[in-house]
Amino acid sequence: MSDDPSEPEVKRGAFAKKKGEVILREHEYDGIQEFDQKLPNWWLFTFYIAIVWFVAYWVIYYHTDAYRTDSQKITEMMETIQTEKKAALAEALASLTDKALIEEWATDPAKVSAGETTYMQTCTACHGTGLDAKMGDIPLSGRPLNDGEWHYGKAPTEIFKMINNGTPEGGAGYNGVPMIAKGGGMLTTQQVAELTAFLIAKNPDDFAGATFDDQGMLIE
Ligand code: HEC
């Protein structure tokens with residue numbers, strides 16, 4: 001403590017009650033003493049605002065739906081995309097008939113060759129470049145696609161569904177192995193239809209002389 005008269009007088013007390021009052025707290029521990037002065041109002045104001053802000057934020061964040069987290073927003077966007085994709089697929093399927101796939105898609109060289117390109121990129125690991133599900137003499141995990149057998153239906157719309165969705169739910173798979181949707185590739189509806197056209201074009205005997213009902217669906 002100094003004797004300088006310009007320094008404020010230091011009093012001992014429990015705590016400061018007035019602005020500008022300098023209090024030395026009554027307690028003393030191991031020679032350590034503690035000052036106490038009234039905090040400036042601007043400081044107290046921001047402190048109280050912070051507490052109010054915390055409570056409001058906590059209530060809004062955890063107890064209302066007003067604030068959506070990034071992960072919620074992403075989930076919602078993904079759901080919207082899924083819904084749009086389903087709608088696009090339903091629309092495409094409505095115009096995709098067995099007749100259209102056999103007579104239009106599989107006879108269009110541009111579509112068949114686009115299907116072949118996708119096949120070579122996405123399907124050969126399991127079905128082989130020769131569609132025989134072999135690599136040399138080694139059997140691959142997929143079913144042969146040139147053996148005249150279409151396990152999940154020979155109708156092109158069935159083949160389309162098989163490629164698009166993979167092994168149907170509850171299907172046993174092949175040697176216990178199911179096929180995953182689109183062979184695990186990111187394929188558009190257009191690409192799946194082109195793949196179907198490619199498979200039809202590669203198996204002409206299976207689809208020669210096909211007859212269709214009024215809806216353009218294969219009569220087996
Ligand atoms: C990771 C391996 C794998 C890939 C990649 C794969 N498949 Fe398959 N595929 C299979 C298996 C396994 C089956 C047999 C599933 C079953 O019987 O349930 C199968 C079955 C099929 C069938 C039904 C064949 C039949 O005889 O009934 C078709 C059609 C088919 N795949 C087309 C494709 C096309 C087109 C692609 C490329 C987009 C593709 N697959 C990519 C593993 C694969």
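Nothing here was measured: the structure is a model prediction, and the numbers come from that model.

Draft legend 1. Structural detail: the domain arrangement of the protein. When its domains are assigned, the protein resolves into domain 1 (10–63) and domain 2 (70–219). Look at where the C-alpha atoms of domain 1 and domain 2 centre, and you get two points 72 Å apart.

Draft legend 2. Structural view of the side chain of glutamate 194. Tracing the backbone shows glutamate 194 in helix 7 (residues 189–202). Although buried, glutamate 194 forms no salt bridge, and the nearest oppositely charged side chain, lysine 111, lies 7.0 Å from it. Once residues within four sequence positions are removed from consideration, glutamate 194 is found in contact with Trp105, Lys111, Ala114 and Gly115.

Draft legend 3. Examining the site of the ligand more closely. Close to the ligand lie 27 residues; Cys123, Cys126, His127, Tyr152 and Met179 are nearest. Taking histidine 151, its main chain carries an N or O atom lying 2.7 Å from an oxygen atom of the ligand. At 2.7 Å from an oxygen atom of the ligand is found a side-chain nitrogen or oxygen belonging to threonine 167. Most atoms of the ligand, that is more than half of them, are within 2 Å of grid points of the largest pocket. Elements supplying a minimum of two residues to the shell around the ligand: helix 5 (124–127), helix 6 (156–165) and helix 7. Among the elements that line the shell around the ligand, the one with the most residues is helix 6, at three residues.

Draft legend 4. The coordination of the iron atom of the ligand, seen in detail. Within the protein, His127 (NE2) and Met179 (SD) serve as the donor atoms for the iron atom of the ligand, at 2.0 to 2.1 Å. Here the iron atom of the ligand binds six donor atoms, and the angle range of 88 to 180° at the metal identifies the geometry as octahedral. Here histidine 127 is found in helix 5, whereas its partner methionine 179 is found in the loop between helix 6 and helix 7, with 52 residues between them in sequence. Histidine 127 sits in the buried class, given a relative accessible area of 10%.

Draft legend 5. Just the layout of surface pockets, in detail. Size it by volume and the largest pocket reaches roughly 620 Å³. Forming the walls of the largest pocket are 32 residues, and the residues nearest its centre are His127, Arg143, Leu145, Met162 and Met179. Listing elements by their share of the lining of the largest pocket, those giving two or more residues are helix 4 (109–122), helix 5, helix 6 and helix 7. At four residues, helix 6 tops the list of elements feeding residues into the lining of the largest pocket. Its residues placed into classes, the lining of the largest pocket shows 18 nonpolar, nine polar and five charged. Computed from the structure, the second largest pocket encloses a volume of approximately 290 Å³. In terms of lining, the second largest pocket is formed by 14 residues, of which the most central are Gln82, Lys85, Leu89, Asn164 and Lys182. Those elements that provide at least two residues to the lining of the second largest pocket are helix 2 (70–95) and helix 6. Counting residues per element, the lining of the second largest pocket draws most heavily on helix 2, at five residues. Among the residues making up the lining of the second largest pocket, the classes are represented as five nonpolar, six polar and three charged.

Draft legend 6. Just helix 7, in detail. With 14 residues, helix 7 should reach 20 Å at 1.5 Å per residue; the first-to-last C-alpha distance of 20 Å fits that figure. Against the buried residues of helix 7 lie helix 3 (98–105), helix 4, helix 6 and helix 8 (204–207).

What counts and how
- Residues numbered from 1 in each chain as written.
- Predicted model: local features only at pLDDT ≥ 70, side-chain atom pairs only at ≥ 80, totals over all residues.
- Heavy atoms only, no water.
- Domains from an automatic or database assignment.
- Helix = DSSP H or I, 4+ residues; strand = E, 2+ residues; numbered from the N terminus.
- Buried < 20%, exposed > 50% of the residue type's maximum accessible area, 1.4 Å probe, protein only.
- Lys, Arg positive; Asp, Glu negative; His and termini not counted.
- Salt bridge = Lys/Arg side-chain N within 4 Å of Asp/Glu carboxyl O.
- Contact = heavy atoms within 4.5 Å.
- Near = heavy atom within 4 Å.
- Polar contact = N/O pair within 3.5 Å; in protein donor to acceptor, adjacent residues only side chain to side chain.
- 1 Å grid on protein atoms, 1.4 Å probe; cavity = no way out; pocket = protein on both sides within 12 Å on 5 of 7 lines; lining within 4 Å.
- Sits in = over half its atoms within 2 Å of the grid points.
- Donors = N, O, S within 2.8 Å, 3.2 Å for Na, K, Ca; no water.
- Tetrahedral: all angles 85-135°; square planar, octahedral: opposite > 155°, others 65-115°.
- Points joined across faces, edges and corners; volume = space filled by probe spheres on them.
- Nonpolar A, V, L, I, M, F, W, Y, C, P; charged D, E, K, R; others polar.
- Expected span 1.5 Å × (residues − 1).

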